[in-house]
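# Summary of the model geometry
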Amino acid sequence: MTDRLKRLAYRAQRRGFKEADIIFSRFAEAHLAGFSPAEVDEFEQILDLQDHDVVAWVLGRSEPPQNLRGPVFDKFLVFARSGLPFNGK
């Protein structure tokens, strides 16, 4: 794993908001190592988003802006919504 991927994996684990820590760290563990450079760039942009916004989108409390939607973001939402214990489903 490259230094960049290690940094992103660390950022995914240490969000400061427990639910976001769970979502991001599990997603990173499952997908980060297999991402193309463009997908890594998109994931890094997702990591820059506010935790409370991301959790609200995952829980369906609000919809993410269309300009954020991309292949990695969509994969992230599907992954996060599929069976995490706090997602209300």
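This text gives an overview of the structure that appears in the document. This structure is a prediction, so every number in the text was calculated from the model and none was measured.

### Some words on the packing of aromatic side chains
Enumeration according to the criterion identifies nine aromatic pairs in this entry. Look at Phe-24 and Phe-43: their rings are 6.5 Å apart centre to centre, the planes differ by 50°, and that puts the pair in the tilted class. On the criterion of sequence distance, the pair formed by Phe-24 in helix H2 (residues 18-31) and Phe-43 in helix H3 (residues 37-47) is long-range, its members being 19 residues apart. Residue class for Phe-24 comes out buried when judged on its relative accessible area of 0%. These aromatic residues form a ring-pair network of at least three members: Phe-24, Phe-27, Phe-35, Phe-43, Trp-57, Phe-73, Phe-76 and Phe-79. The ring of Phe-24 carries the charged tip of Arg-15 above its face, separated from the ring centre by 4.2 Å.

### Overview of the nonpolar core
Counting residues in each nonpolar core, the largest one holds 26 residues, and the members touching the most others are Phe-24, Leu-32, Phe-35, Phe-43, Val-54, Val-58 and Phe-76. Among the secondary structure elements, those contributing two or more residues to this core are helix H1 (3-13), H2, H3, helix H4 (51-58) and helix H5 (71-81).

### Re the packing of H4 against H5
Between H4 and H5, the least distance of the axes is 9 Å, while the angle of their chain directions is 70°. Taken together, the axes of H4 and H5 lie roughly perpendicular to each other. For the pair H4 and H5, the crossing hand works out as right-handed. For the pair H4 and H5, contact is made by Val-54, Trp-57 and Val-58 and by Phe-73, Phe-76, Leu-77, Ala-80 and Arg-81, respectively. Class assignment of the residues belonging to the contact of H4 with H5 gives a composition of seven nonpolar, no polar and one charged.

### Considering H3
Buried within H3 are the following residues: Val-40, Glu-42, Phe-43, Ile-46 and Leu-47. Viewed end-on, H3 has its buried residues packed into an arc of 160°, placing them on one side of the element. More than 90 degrees from the buried face of H3, the exposed residues found are Pro-37, Ala-38 and Gln-45.

### Overview of the side chain of Arg-15
Of note, Arg-15 is situated in the loop between H1 and H2. Its relative accessible area of 16% is what places Arg-15 among the buried residues. There is a polar contact of 2.7 Å between the side chain of Arg-15 and the backbone oxygen of Leu-47. Contacts of Arg-15, omitting those with residues within four sequence positions, involve Ala-20, Asp-21, Phe-24, Leu-47, Leu-49 and Asp-51.

Criteria and thresholds
- Residues numbered from 1 in each chain as written.
- Predicted model: local features only at pLDDT ≥ 70, side-chain atom pairs only at ≥ 80, totals over all residues.
- Heavy atoms only, no water.
- Phe/Tyr/Trp six-rings, centres within 6.5 Å; stacked < 30°, edge-to-face > 60°.
- Helix = DSSP H or I, 4+ residues; strand = E, 2+ residues; numbered from the N terminus.
- Buried < 20%, exposed > 50% of the residue type's maximum accessible area, 1.4 Å probe, protein only.
- Lys NZ or Arg CZ within 6 Å of the ring centre and 35° of its normal.
- Core = buried A, V, L, I, M, F, W, Y, C linked by side-chain atoms within 4.5 Å.
- Axes fitted to C-alpha atoms, helices over the stretch in contact; angles between N-to-C directions.
- Parallel < 35°, antiparallel > 145°, perpendicular 65-115°, else oblique.
- Left-handed = near helix turned anticlockwise from the far one by under 90°.
- Contact = heavy atoms within 4.5 Å.
- Nonpolar A, V, L, I, M, F, W, Y, C, P; charged D, E, K, R; others polar.
- Arc of directions from axis to C-beta.
- Polar contact = N/O pair within 3.5 Å; in protein donor to acceptor, adjacent residues only side chain to side chain.

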